[in-house]
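Structure at a glance
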Amino acid sequence: MSRELLQEASERLRAAAEAADSDVQRRIYDQSDALATLAAREEQPDHGRLARHMNELAELADATDGDAHDAVVDARSKVSTFREGVEGV
């Protein structure tokens, strides 16, 4: 499990925020910031926290299209891959 996946997801979301409509732009940016914070922490995030991020990213994927949608979907995939390596559940 690599925290780099969370950082990559954060970067993809920043790209998505730039390509998104203004109504979802802030929500995408907030998720990007939250994932960057998780990547920088020493403690491992738990499944519940990661699930909440994945749910929010699914909603954002539904609310976007084009390049923004593709970037959000890619970020969600990276979080999912990271989550597979988290112990528990």
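In what follows, the structure referred to is the one given above.
The following refers to the structure shown.

Criteria and cut-off values
Numbers given for residues are sequential positions, taken from 1 along each chain in its written order. Per-residue local features of the predicted model are confined to residues with pLDDT of at least 70, and side-chain atom pairs are confined, for both listing and counting, to 80 or more; whole-chain, interface and lining totals are unaffected and use all residues. Each side-chain value is derived from all of the structure's non-hydrogen atoms; neither hydrogens nor water enter the calculation. As a rule, the C-alpha atoms of each element are fitted with a line to give its axis, helices using only the stretch in contact, and angles between N-to-C directions run from 0 to 180 degrees. Helix numbers and strand numbers start at the N terminus; a helix is a DSSP run of H or I with at least 4 residues, a strand a run of E with at least 2. For this classification, under 35 degrees means roughly parallel, over 145 means roughly antiparallel, 65 to 115 means roughly perpendicular, and everything else is oblique. Crossing handedness is defined as follows: a turn of the near helix away from the far one that is anticlockwise and smaller than a right angle gives a left-handed crossing, while the clockwise case is right-handed. Here a residue-residue contact requires only that any non-hydrogen atoms of the pair lie within 4.5 Å. Under the scheme applied, nonpolar residues are Ala, Val, Leu, Ile, Met, Phe, Trp, Tyr, Cys and Pro; charged residues are Asp, Glu, Lys and Arg; polar residues are all the others, including Gly. To estimate how far a helix should reach, multiply one less than its number of residues by 1.5 Å. Buried means the residue's accessible area, taken with a 1.4 Å probe over protein chains only, is under 20% of the maximum for its type, while exposed means over 50%, and partly exposed covers the values in between. Summarising the geometry, the arc corresponds to the directions from the helix axis toward the C-beta atoms.

Contact geometry for helix H1 (residues 3-19) and helix H2 (residues 22-40): axes closest at 8 Å, N-to-C directions at 160°. It follows that H1 is roughly antiparallel to H2 by the angle criterion. Between H1 and H2 lies a crossing of left-handed hand. Residue-level contacts link Arg-3, Leu-6, Gln-7, Ala-9, Ser-10, Leu-13, Arg-14, Ala-16, Ala-17 and Glu-18 of H1 to Gln-25, Ile-28, Tyr-29, Gln-31, Ser-32, Asp-33, Leu-35, Ala-36, Leu-38 and Ala-39 of H2. Looking at the contact of H1 with H2 residue by residue, the classes come out as 11 nonpolar, five polar and four charged.

Since the α-helix turns once every 3.6 residues, residues separated by three or four places project in the same direction. Given a rise of 1.5 Å per residue, 19 residues ought to cover 27 Å, and the 28 Å separating the end C-alpha atoms of H2 matches this to within 8%. Taken together, the buried positions of H2 are Val-24, Ile-28, Gln-31, Ser-32, Leu-35, Ala-36, Leu-38 and Ala-39. Around the axis of H2, the buried residues are gathered within 155° of arc, so they sit on the same side. In H2, the exposed positions angled more than 90 degrees off the buried face are occupied by Ser-22, Arg-26 and Ala-40.

In this section: the packing of H1 against helix H4 (residues 66-84). Relative to each other, H1 and H4 sit at 165°, their axes nearing to 8 Å. The orientation of H1 relative to H4 falls into the category roughly antiparallel. Relative to H4, H1 is oriented so that their crossing is left-handed. Residues Arg-3, Leu-5, Leu-6, Glu-8, Ala-9, Arg-12, Leu-13, Ala-16 and Ala-19 of H1 touch H4, and the partners they reach there are Asp-67, Ala-68, Asp-70, Ala-71, Val-72, Asp-74, Ala-75, Lys-78, Val-79, Thr-81 and Phe-82. For the contact of H1 with H4, the residue count by class is 12 nonpolar, one polar and seven charged.

Attention shifts here to the environment of Met-54. Positionally, Met-54 belongs in helix H3 (residues 47-63). Residue Met-54 is classed as buried on the basis of its relative accessible area of 8%. Each C-alpha atom, one on Met-54 and one on Ser-80, is 7.4 Å from the other, the two residues being 26 residues apart in sequence. If sequence neighbours within four positions are ignored, Met-54 has contacts with Arg-76, Val-79, Ser-80 and Arg-83.

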